[in-house]
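Overview (structure and organization)
Below, each chain spelled out in residue letters.
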Amino acid sequence: MASVTYEHVYKRWGEVTAVNDLTLEIADKEFMVYVGPSGCGKSTTLRLLAGLEEITEGTIRIGDRIVNDVPPKDRDIAMVFQSYALYPHMSVYDNMAFGLKLRKTPKAEIDQKVKFAAETLGIANLLDRKPKALSGGQRQRVAVGRAIVRDPAVFLFDEPLSNLDAKLRVETRAGISRLHLQLGTTFIYVTHDQVEAMTMADRIAVLKDGILMQVDTPQQLYDHPGNVFVAGFIGSPSMNFFDATVVAEQDTGNLFVDGGSFRLAVPDDKKEILQPYKGKQVIFGIRPEDIHATEFTPPGVTAAPMAAKVDVTELMGNEIFVYALSGEKSFIARVDPRTRAVPGGDIQFSVNMDNMHIFDTSTELTVV
């Protein structure tokens, strides 16, 4: 078991900086997820740790050992790729045992480790099959099993569920989370799917253009994003953003977020922090689940009315996604399934201002 530490790590290819001054500590037994859009540097960050790419600058430690110049086979890591990379002519058993055989591991130990991994992953009945006789999900579990038998200090997963269908992805990600609890080993997992990140991680590292934007627990990232990018990336559907102005009512001193087509009262507990922004442009952010149909507004929230026109509706069974227009600005609300919303019709929303977000327009950093 081991912690992992990146200290001011850079990876450059000519003029392109794929990883830019990354400093990150991953605790022993932690499940860390790297998430971000394509090209953000998350897979490169993982491959630097695995030794599959050379570090341009900085230091990587596994436990107390600097591994910058340590060959991949000696880093005590095991990696599961998007591609299963199974040997088609070998049985499941032999695929899982192959690495141990290369290391001259005793036969009895190989047998014990393979059978333990197969039982853990629910593929004990498949050990005699060839990969072509397996489903995609079964092949993925064999690839994970091949990593388990090595008993590494750190498991690395590079988008391992990308080739699976939606239902199987849900089942397999639950299986990987369960596996982490059973093995008690450090897991580092790369994905572009923020739902995977939110459901699996102890902590999430959000990357953009090779830069670590924020690292925190899933709930903290959801509730307290540090900037517009993190706010928009974490959460599904994404947070709505509006160009707005903070305005003060002369008689009362009350503050409002004015988006032109709407004017929303700022709760008392958020007024003080917004005082410096009076009369200034800001970015107003609100999550779809904090926009309610007025007649189904939950009790105990600070609700501000907002009129809109319905564009499209998506009935999800337990909720409705309403794509609506406020002026010319399109946004999405996640509302009670009893809501009557007709495309082309008017609708009255209540916005939960307790969960409002305000970002500085110049820095895009969080203000509220």
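Quick caveat: nothing in here was measured; it's all calculated off a predicted structure.

Description of the side chain of Arg 287
- Mapped onto the fold, Arg 287 is located in the loop between β14 (281-286) and β15 (291-293).
- There is no salt bridge for the buried Arg 287, and the closest opposite charge comes from Glu 289, which lies 5.1 Å off by N-O distance.
- Of the polar contacts made by the side chain of Arg 287, one reaches the backbone oxygen of Tyr 222; its length is 3.0 Å.

Comments concerning unusual backbone geometry
- At the junction of Ser 236 and Pro 237, the peptide bond is cis and its omega measures out at -5° in the coordinates.
- Positive phi values are uncommon outside glycine, yet Ala 85 reaches one of about 50°.
- As for its position among the elements, Ala 85 is in the loop between β6 (77-80) and α2 (92-102).

Here's the deal with the sheet that holds strand β19 (residues 346-352)
- Pairing within the open sheet is antiparallel, and its five strands lie in the order β15-β19-β16-β17-β18. For this open sheet the edge positions go to β15 and β18 (329-335), each flanked by a neighbour on one side alone. The sheet shows a mean angle of 50° between the axes of neighbouring strands, direction not considered.
- Where strand β17 (residues 320-326) lies against β18, seven bridges are found, and the strand directions are antiparallel. The partner of Ala 324 across the bridge, within β18, is Phe 331.

Remarks on the pattern of salt bridges
- Inspection of the entire model under this criterion finds 18 salt bridges.
- We note a salt bridge from Arg 169 to Asp 193, for which the minimum N-O separation is 3.3 Å. Of this pair, Arg 169 sits in helix α5 (residues 166-183) while Asp 193 sits in the loop between β8 (186-191) and α6 (194-200), placing them 24 residues apart in sequence.
- Accessibility expressed as a relative area gives 16% for Arg 169, which makes it buried.
- Among the salt bridges present, the one from Glu 196 reaches Arg 169, with a minimum N-O distance of 2.6 Å. Placement of Glu 196 in helix α6 and of Arg 169 in helix α5 is noted, with a sequence separation of 27 residues between them. Neither Glu 196 nor Arg 169 differs from the other in exposure class; each is buried.

Points about α5
- With 18 residues, α5 extends 26 Å from end C-alpha to end C-alpha; this agrees with the ideal 26 Å at 1.5 Å per step.
- For α5, the complete set of buried residues consists of Arg 169, Thr 172, Arg 173, Ile 176, Ser 177, Leu 179, His 180 and Leu 183. Summarising the axial view, the buried residues of α5 lie within an arc of 155°, below the 170-degree limit, and thus occupy one face. The exposed set on the far side of α5, more than 90 degrees from its buried face, consists of Lys 167, Leu 181 and Gln 182.
- For α5, the elements touching its buried residues are β3 (31-35), α3 (107-121), α4 (136-148), β7 (154-158), β8 and α6.
- Downstream of α5 by a residue or two, Gly 184 has a phi angle that is positive, lying close to 60°.

Some details on the packing of aromatic side chains
- Applying the stated rule across the entire model yields 15 aromatic pairs.
- The interplanar angle of 45° and the centroid separation of 6.0 Å between the aromatic rings of Phe 31 and Tyr 189 together place this pair among those described as tilted. With Phe 31 in strand β3 and Tyr 189 in strand β8, this pair connects stretches of sequence that are 158 residues apart. Both residues of the pair, Phe 31 and Tyr 189, count as buried.
- Through pairs of rings, three or more aromatic residues link up here, namely Phe 31, Phe 155, Phe 157, Phe 187 and Tyr 189.
- It is Arg 263 that lies over the ring of Phe 256; its NZ or CZ is 4.8 Å from the centre.

A look at the side chain of Glu 30
- Residue placement: Glu 30 occurs in the loop between β2 (16-26) and β3.
- Among the polar contacts made by the side chain of Glu 30, one reaches the main-chain amide nitrogen of Ala 27 at a distance of 2.8 Å.
- Among all residues touching Glu 30, those that are not within four sequence positions of it are Glu 25, His 180, Thr 185, Thr 186, Phe 187, Asp 202 and Arg 203.

Structural notes on the sheet that holds β2
- Pairing is antiparallel across the open sheet formed by four strands, whose spatial order is β2-β1-β4-β5. Here the strands that pair on one side only, and so sit at the sheet edges, are β2 and β5 (65-66).

As for α4
- Its 13 residues place the ends of α4 19 Å apart at the C-alpha level, agreeing with the 18 Å of an ideal helix rising 1.5 Å per residue.
- Residues Gly 137, Gln 138, Gln 140, Val 142, Ala 143, Val 144, Gly 145, Ala 147 and Ile 148 constitute the buried set of α4.
- The secondary structure elements touched by the buried residues of α4 are β6, α2, α3, β7 and α5.

Quick notes on the pairing of strand β4 (residues 57-62)
- Two strands pair when backbone bridges link them, and strand β1 (residues 4-13) and β4 are joined in this way by five bridges, in the antiparallel orientation. Looking at the pairing, Val 4 lines up with Ile 62 of β4.
- Here β4 pairs with β5 via two bridges, running antiparallel. Each bridged residue has a counterpart across the sheet, and for Arg 61 the counterpart in β5 is Ile 66.
- Between the antiparallel neighbours β4 and β5 lie two residues, among them Gly 63 with a positive phi of about 65°.

Thresholds applied
Residues numbered from 1 in each chain as written. Predicted model: local features only at pLDDT ≥ 70, side-chain atom pairs only at ≥ 80, totals over all residues. Heavy atoms only, no water. Helix = DSSP H or I, 4+ residues; strand = E, 2+ residues; numbered from the N terminus. Buried < 20%, exposed > 50% of the residue type's maximum accessible area, 1.4 Å probe, protein only. Lys, Arg positive; Asp, Glu negative; His and termini not counted. Salt bridge = Lys/Arg side-chain N within 4 Å of Asp/Glu carboxyl O. Polar contact = N/O pair within 3.5 Å; in protein donor to acceptor, adjacent residues only side chain to side chain. Pairing = 2+ DSSP bridges. Axes fitted to C-alpha atoms, helices over the stretch in contact; angles between N-to-C directions. Expected span 1.5 Å × (residues − 1). Arc of directions from axis to C-beta. Contact = heavy atoms within 4.5 Å. Phe/Tyr/Trp six-rings, centres within 6.5 Å; stacked < 30°, edge-to-face > 60°. Lys NZ or Arg CZ within 6 Å of the ring centre and 35° of its normal.

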